[in-house]
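Topology and contacts: notes
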Amino acid sequence: MQRRMRPRTITRVTAVFAAMALVLAACGGDDPEEEPAPESAEEDEAPDDDAEEDDAAEEAPEDEADGSDEPAEDIRAECDVTQGVTDDTISITMLNDLSGPTAALGAPDIGEAFRAHFDAINADGGIDGRMVEVEVLDHAYSPVDAAQRYEEVRTETAMIASVFGSPPLQAIAQDLVDDCLVSFQSGSSGQLAQDYDTIFAPTTTYGHEILNIIGWVIEERGETDATFALAYQSDALGEAVRQAAAFGAEHYGFEYVAEASHGPQDSDLTAQLQTLLAEDPDYIVYGGLPNQLAFLSAGAMAAESDVQFISATPGFVPAVLGSPAADAVQANVFISGPYSEWEGDEPGRVQMREEIETHAPDVAPGQGPIIGYSSALVVAEALRIASANDDLSLHGILEASQQVSGFDANGLLPELTYGQYPDAPRVPSHASRIWQPEAGPAAGMVPLTDYFESEASQLFTEPVL
Amino acid sequence: MSGHISLIVSSLAIGSIYALIALGFVVVFRASGALNFSHVGVMLLGGYVTFQASRIWELGYATGILVAAIVAAGVSLLIYLTVARPLAGRPVMAVAIATIGIDIALRSAVGAYRPWAVESIEVGSPWGAETSAVFGVPVFSSHLYVISVSAVVVVGLIFAVERSRWGLWFRAVAEDEEAAAATGVPVRRVLLLAWMLAGLLAALAGSMVGTFPRLLQPASAEFAFRAIPAVVIGGLNSIKGAIVGGLVVGTIEMYTAALAPAGLGVNAHLVAPYVLMLAVLLWRAEGLFGTAEVRRL
């Protein structure tokens with residue numbers, strides 16, 4: 001017979017587990033009201049061409065990102081080592097979400113597309129004869145797991161070539177600087193690339209994407225009297241969007257008629273939608289993930305509201321078009337993103353499709369694979385420069401990354417020129433395009449604009465985290 | 001008023017799912033005195049099996065749920081036979097810890113199966129994004145389905161426990177396992193059925209978690225964790241408590257999200273059920289409907 005525990009004791013034990021869940025639920029629940037307003041939000045009155053770089057210089061966290069104020073010539077001991085490189089191979093690492101919440105949103109496809117490009121490079125003889133070995137490790141979108149995976153490879157890899165997601169990257173950002181390991185973040189807010197001098201952003205940040213799409217409404221659509229509401233999820237992604245949206249409101253001179261937030265795993269946003277629709281906004285600026293945007297979109301349509309949702313790259317994946325929200329999403333959602341179309345005869349796109357279809361045939365077309373593949377192009381370019389410089393030490397790879405110049409990923413991305421801090425940013429492009437979800441194209445969206453930067457985006461510098 | 005109708009319907013829908021999950025915890029606890037945390041993983045598995053049968057095998061939504069229920073009941077039974085039963089007589093926390101391990105393994109397995117894990121999945125409900133009018137207010141038809149099916153299941157369960165022979169045995173085992181065995185109650189069969197019933201409830205809840213407007217993903221397991229306050233608030237050994245607890249938690253979540261001032265923080269709606277849970281624990285540790293064990297000193 002099984003020994004029974006007393007109900008009260010069991011209840012307390014259960015409560016302990018519940019409390020643990022509470023801690024998890026509360027993660028990322030910072031109250032935005034308690035945080036200082038973004039400095040940049042106060043700086044839009046007298047813009048000049050150098051404002052962005054000046055801001056970057058002013059806001060660099062000298063204490064946190066120690067190394068950012070060091071001249072490149074002073075090579076730290078941690079940087080003056082070569083690891084993960086042999087005569088035949090270069091080992092690089094990708095930290096990706098293979099089993100966590102964003103795995104279901106296409107994160108693994110980003111990794112597969114990333115790896116596909118290096119498989120293609122290796123099939124052509126590698127980089128100066130060295131095969132590039134890409135190890136993809138699962139951080140499950142967890143900062144703790146990211147730190148553990150990082151420890152496993154920190155002395156063995158030449159690069160943490162790509163880290164998916166802001167929370168995991170944030171967990172290891174200072175270690176990357178301390179260990180002199182370069183990383184090109186993908187699927188991240190971009191703020192970290194500004195704050196830590198071994199982290200580079202290969203794509204426009206979500207904050208700039210949001211400012212571009214707000215600017216598109218006001219500047220391109222001419223809806224200067226449009227009313228906006230704001231919704232975001234309570235994590236680094238939502239916070240990045242919230243801060244950019246606040247800057248946009250101040251720049252364009254409007255106030256959000258309603259605001260609502262939700263947890264990253266909330267699935268029923270009825271309450272939030274009601275709060276937003278009660279003020280009858282023309283647009284809802286949304287910073288979150290596709291499932292929740294699909295709910296809001298379908299819910300608004302069900303409520304017979306004509307509100308339109310404007311969001312950034314993480315707000316949409318083609319899979320949503322296979323859900324019951326497809327009609328609503330195609331009718332009332334617009335996305336700002338810095339990528340190219342999947343289709344087309346341009347050489348870069350043809351090569352991308354061929355390499356992905358050859359080396360990652362299971363990957364479904366979409367923005368994720370385009371972003372992953374484009375990131376791989378940038379990483380490969382940095383490794384080629386380092387190899388050409390005959391310096392594949394950690395310092396050599398960092399220096400080579402700073403030398404990437406005029407690189408447009410074969411037309412897949414806006415032109416990227418990185419530089420050495422603080423003279424040039426590690427987030428070189430603020431341009432994006434406006435897209436509308438549509439079932440026809442392989443990537444599930446059609447572009448409504450070419451690359452552009454809104455006025456607000458040109459003036460915005462993401463606050464230090 | 002229309003806003004409240006939407007909120008009430010959504011609260012009842014989400015609360016119904018919490019109640020079904022909570023019932024799974026309670027049924028196993030009452031029957032075997034075990035805290036079965038593998039219930040979380042079984043719920044997630046149930047959702048994905050519903051998707052597999054309904055959309056991939058194109059068997060239809062109802063058949064999909066039936067297949068999921070069979071699979072989940074089987075997995076739950078297997079967990080009982082291979083883990084809970086062999087650990088009978090060991091410290092009770094051993095079962096809890098072991099089932100936590102099984103839960104992690106189950107969720108990892110689900111997450112590792114690429115066709116399930118790489119997309120957000122709707123399990124194939126026939127309503128899609130259709131709405132129905134409740135007092136003139138459009139609400140998702142799927143909400144009404146969740147509420148009505150849950151109500152039928154709950155009533156059926158209560159009837160089974162209160163009126164059926166199995167229910168009599170179940171209550172006898174819950175009261176005193178040894179005494180029940182001495183009076184001829186087939187304790188082992190009761191335990192088998194209780195664990196299978198928990199699996200059935202988990203599968204049904206899992207299918208609802210993946211029914212639009214919700215979309216299923218590996219992280220949907222959090223639904224089950226959110227049901228834990230419902231179990232504690234209602235009382236770990238009370239079926240009625242699980243139902244009330246689930247509905248209370250769903251309502252608190254929804255109304256806190258709608259009405260809480262910004263100063264409480266952006267996750268106030270997630271924290272509120274735990275605050276209530278702690279208050280209930282302080283006031284009545286056995287929960288609102290739970291019964292404290294009387295011990296003769």
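Since the structure is predicted, the reported quantities are computational estimates derived from the model, not experimental observations.

What follows covers the overall build of chain A. Counting secondary structure elements, chain A contains 15 helices and 12 strands. Out of the 465 residues in chain A, the part that is buried amounts to 64%. Taking the intrachain contacts of chain A between residues at least 6 apart in sequence as the baseline, contacts between residues at least 24 apart amount to 70%. Carbon and sulfur atoms provide 45% of the accessible area of chain A, an area that totals close to 16200 Å².

Scored by pLDDT, chain B has a mean of 90; 97% of the residues are at 70 or more. The secondary-structure element of chain B with the lowest mean pLDDT is helix α5 (residues 114–117) of chain B, recorded at 76, while helix α3 (residues 61–84) of chain B shows the highest, at 96.

As a further point, take the nonpolar core. Buried together is how nonpolar side chains tend to be arranged in soluble globular proteins. The biggest cluster of nonpolar side chains holds 103 residues, and the ones touching the most others in it are A:Ile92, A:Phe118 and A:Leu383. Both domains that furnish three or more residues to this core are identified here as domain 1 (70–204 + 342–429) and domain 2 (206–337 + 451–459) of chain A. One finds B:Leu23, B:Val42, B:Val123 and B:Ala224 within the second-largest nonpolar core, a separate group that totals 91 residues.

This brings us to the state of the cysteines. All names here are of chain A. Tallying each qualifying case throughout the model produces one disulfide over all chains. Each disulfide pairs two cysteine sulfurs, and for Cys 79 the partner residue is Cys 180, the sulfurs being separated by 2.0 Å. Judged by the torsion about the S-S bond (100 degrees), the Cys 79/Cys 180 disulfide is right-handed. Linking Cys 79 in the loop between α2 (51–59) and β1 (89–96) with Cys 180 in the loop between α5 (166–179) and β4 (183–186), this pair joins segments that are 101 residues apart in sequence. In this structure Cys 79 comes out as buried when scored by relative accessible area, which is 5%.

This next bit is on unusual backbone geometry. A cis amide bond, omega 15 degrees, links B:Phe212 with the succeeding residue B:Pro213. Of note in this structure, A:Asp390 is not a glycine but carries a positive phi near 55 degrees. Of note, A:Asp390 is situated in the loop between α13 (367–388) and α14 (394–402). The exposure class assigned to A:Asp390 is exposed, which follows from its relative accessible area of 72%.

This part takes up the pairing of strand β1 (residues 131–134) of chain B. Residues and elements named next belong to chain B. With four bridges joining them, β1 and strand β2 (residues 137–140) adopt antiparallel strand pairing. From the neighbouring strand, Ser 132 faces β2, where its bridge partner is Val 139. In this antiparallel pair of consecutive strands, β1 and β2, the connection spans two residues, and Phe 135 shows a positive phi of 50 degrees.

A separate point is the side chain of B:Ser125. Residues and elements named next belong to chain B. Of note, Ser 125 is situated in the loop between α5 and β1. The class of Ser 125 is buried, set by a relative accessible area of 10%. A distance of 2.8 Å separates a polar atom in the side chain of Ser 125 from a polar atom in the side chain of Glu 122. Look past the residues within four positions of Ser 125 in its chain and what remains in contact with it is Tyr 61, Thr 211 and Phe 212.

This part is about the environment of B:Ile121. Following the sequence through the fold, B:Ile121 ends up in the loop between α5 and β1. Sequence-wise, B:Ile121 and B:Gly47 are 74 residues apart; in three dimensions their C-alpha atoms are separated by 9.5 Å.

Burial of α14(A) is extensive: eight of the nine residues sit out of reach of the surface. Looking at α14(A), one finds that the buried residues are A:Leu394, A:His395, A:Gly396, A:Ile397, A:Leu398, A:Ala400, A:Ser401 and A:Gln402.

Residues and elements named next belong to chain A. Strands sit in the order β7-β6-β8-β9-β10-β11-β12 across an open sheet of seven strands; the sheet is mixed. The two strands at the open ends of the sheet, each matched to only one other strand, are β7 (259–262) and β12 (445–447). Taken pair by pair, the neighbouring strands of this sheet meet at an average axis angle of 25 degrees, ignoring direction. Relative to β7, strand β6 (residues 228–233) runs parallel, the two sharing four bridges. Opposite Gln 233, over in β7, you have His 262 as the bridge partner. On top of the sheet, helix α8 (residues 236–252) reaches β6 and β8 (283–287); it is set at about 155 degrees to β6, its chief contact.

This part takes up helix α7 (residues 165–175) of chain B. Residues and elements named next belong to chain B. Turning to α7, its buried residues number three or more, namely Trp 166, Gly 167, Phe 170, Val 173 and Ala 174. Viewed along the axis of α7, the buried residues span an arc of 125 degrees, placing them on a single side of the element. Of the exposed residues in α7, the ones pointing more than 90 degrees away from its buried face are Arg 165 and Glu 175.

A few words on the packing of aromatic side chains. Residues and elements named next belong to chain A. Enumeration over the complete set of coordinates arrives at 22 aromatic pairs over all chains. Ring geometry for Phe 200 versus Tyr 418: centroids 5.3 Å apart, planes at 85 degrees, classification edge-to-face. Taken together, the residues Phe 200 in strand β5 (residues 199–200) and Tyr 418 in the loop between α14 and β11 (433–437) connect sequence positions 218 residues apart. You'll find Phe 200 and Tyr 418 in the same group, each marked buried. Between Phe 254 and Tyr 256, the aromatic rings sit 5.2 Å apart at their centres with planes inclined by 85 degrees, giving edge-to-face as the arrangement. Classification of Phe 254 by relative accessible area gives buried; the value is 14%. Connected via pairs of aromatic rings, a cluster forms that spans Phe 228, Phe 254, Tyr 256 and Tyr 283. It is Arg 221 that lies over the ring of Phe 334; its NZ or CZ is 4.8 Å from the centre.

Definitions and limits used
- Residues numbered from 1 in each chain as written.
- Chains lettered and ligands numbered in written order.
- Predicted model: local features only at pLDDT ≥ 70, side-chain atom pairs only at ≥ 80, totals over all residues.
- Heavy atoms only, no water.
- Helix = DSSP H or I, 4+ residues; strand = E, 2+ residues; numbered from the N terminus.
- Buried < 20%, exposed > 50% of the residue type's maximum accessible area, 1.4 Å probe, protein only.
- Contact = heavy atoms within 4.5 Å.
- Areas by Shrake-Rupley, 256 points an atom, 1.4 Å probe, with all protein chains shown as cover.
- pLDDT = per-residue confidence, 0-100.
- Core = buried A, V, L, I, M, F, W, Y, C linked by side-chain atoms within 4.5 Å.
- Domains from an automatic or database assignment.
- Disulfide = S-S within 2.5 Å.
- Pairing = 2+ DSSP bridges.
- Polar contact = N/O pair within 3.5 Å; in protein donor to acceptor, adjacent residues only side chain to side chain.
- Axes fitted to C-alpha atoms, helices over the stretch in contact; angles between N-to-C directions.
- Arc of directions from axis to C-beta.
- Phe/Tyr/Trp six-rings, centres within 6.5 Å; stacked < 30°, edge-to-face > 60°.
- Lys NZ or Arg CZ within 6 Å of the ring centre and 35° of its normal.

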